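Topology and contacts: notes
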Amino acid sequence: MSSQQVPSSLRDILADILEISPEEVTPELGVGTIDNWDSFRHLQAILAIEGEYGVQFDPSRIAELTTVSLIQAELVAKGATL
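Nothing here was measured: the structure is a model prediction, and the numbers come from that model.

Section: the overall build of the chain
Across its full length, the chain carries 4 helices and 0 strands. Secondary structure elements in the chain, listed N-terminal to C-terminal, are α-α-α-α. Rg of the C-alpha trace for the chain: 11 Å, near the compact-globule value of 12 Å for 82 residues, within the 12% margin. In the chain, which comprises 82 residues, the share counted as buried stands at 43%. When contacts within the chain are restricted to residue pairs at least 6 apart in sequence, those whose partners lie at least 24 apart make up 47%. When the accessible surface of the chain is split by element, carbon and sulfur atoms take 51% of a total near 4,600 Å². Both charge centroids of the chain, one from 4 positive and one from 13 negative side chains, sit 5 Å from each other.

As structure tokens, then:
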């Protein structure tokens, strides 16, 4: 899968927070796939994504959103326009 399958706004947020190039943000990218994706940056990313898309994730689900594809699916479930 390519970074083209990740919406540019989501890709840019994650690339900025994780300090990687946007091309590295793929649906498979997640906690444990790169060292930069730690618990602190995970929360930073979630907060930035919530702000960008105008949604609020259920706090009990945040720890489960461990890959880009899971975050995208949750955004869709929340009715966000990607």
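Considering the UniProt feature "domain: Carrier" (unreviewed entry) in the chain
Under the feature "domain: Carrier" (unreviewed entry), the UniProt entry names residues 9–69. For residues 9–69, helix accounts for 51% and strand for 0%, while the C-alpha atoms at its two ends are 14 Å apart.

Observations concerning the pattern of salt bridges
Applying the stated criterion across every chain yields a total of 3 salt bridges. Salt-bridge contacts for Arg-61 lead to Glu-64; the nearest nitrogen and oxygen are separated by 2.4 Å. Judged by relative accessible area, Arg-61 falls into the partly exposed class, the value being 29%. On the basis of relative accessibility, which here comes to 44%, the residue Glu-64 falls in the partly exposed class. Residues joined by salt bridges that share partners form a network here, namely Arg-61, Glu-64 and Glu-74.

Quick notes on helix 4 (residues 68–77)
Note that an α-helix has 3.6 residues per turn; residues three or four places apart therefore point the same way. Among all positions in helix 4, only Val-68, Ile-71, Gln-72, Glu-74 and Leu-75 are buried. Axial view of helix 4: buried residues confined to an arc of 165 degrees, hence all on one face. Among the exposed residues of helix 4, those pointing more than 90 degrees away from its buried face are Val-76 and Ala-77. Looking at the buried residues of helix 4, the elements they touch are helix 1 (8–18), helix 2 (39–53) and helix 3 (59–62). Following helix 4 by one or two positions, Gly-79 has its phi on the positive side, about 85 degrees.

The rules behind these values
- Along each chain, residue indices are assigned from 1 in the same order as the chain's sequence is written.
- In keeping with the predicted nature of the model, local features appear solely for residues at pLDDT of at least 70, side-chain atom pairs appear and are counted solely at 80 or more, and the whole-chain, interface and lining totals rest on all residues.
- By convention in this description, side-chain values take in all heavy atoms of the structure and omit both hydrogens and water.
- By the criteria applied, helices consist of DSSP H or I runs no shorter than four residues and strands consist of E runs no shorter than two, each listed in order from the N terminus.
- Between the two quantities, the radius of gyration covers C-alpha atoms and the globule rule is 2.2 Å times the number of residues to the power 0.38.
- Throughout, exposure labels follow a simple rule: accessible area from a 1.4 Å probe, protein chains only, divided by the maximum for the residue type, with under 20% read as buried, over 50% as exposed, and the rest as partly exposed.
- Contacts are assigned to residue pairs that have any heavy atoms within 4.5 Å of one another.
- With residues, only the protein chains shown are counted as cover, and all accessible areas are computed by Shrake-Rupley using a 1.4 Å probe.
- For the purpose of counting charges, residues Lys and Arg are taken to be positive, whereas Asp and Glu are taken to be negative. His and the chain ends are not included.
- One atom stands in for each charge, and that atom is NZ of Lys, CZ of Arg, CG of Asp or CD of Glu.
- UniProt positions are given in the numbering used here, feature names are shortened, and annotations may be inferred rather than shown by experiment.
- One side-chain nitrogen of Lys or Arg within 4 Å of one carboxyl oxygen of Asp or Glu is enough to make a salt bridge.
- The arc in question is the one spanned by the directions pointing from the helix axis to the C-beta atoms.

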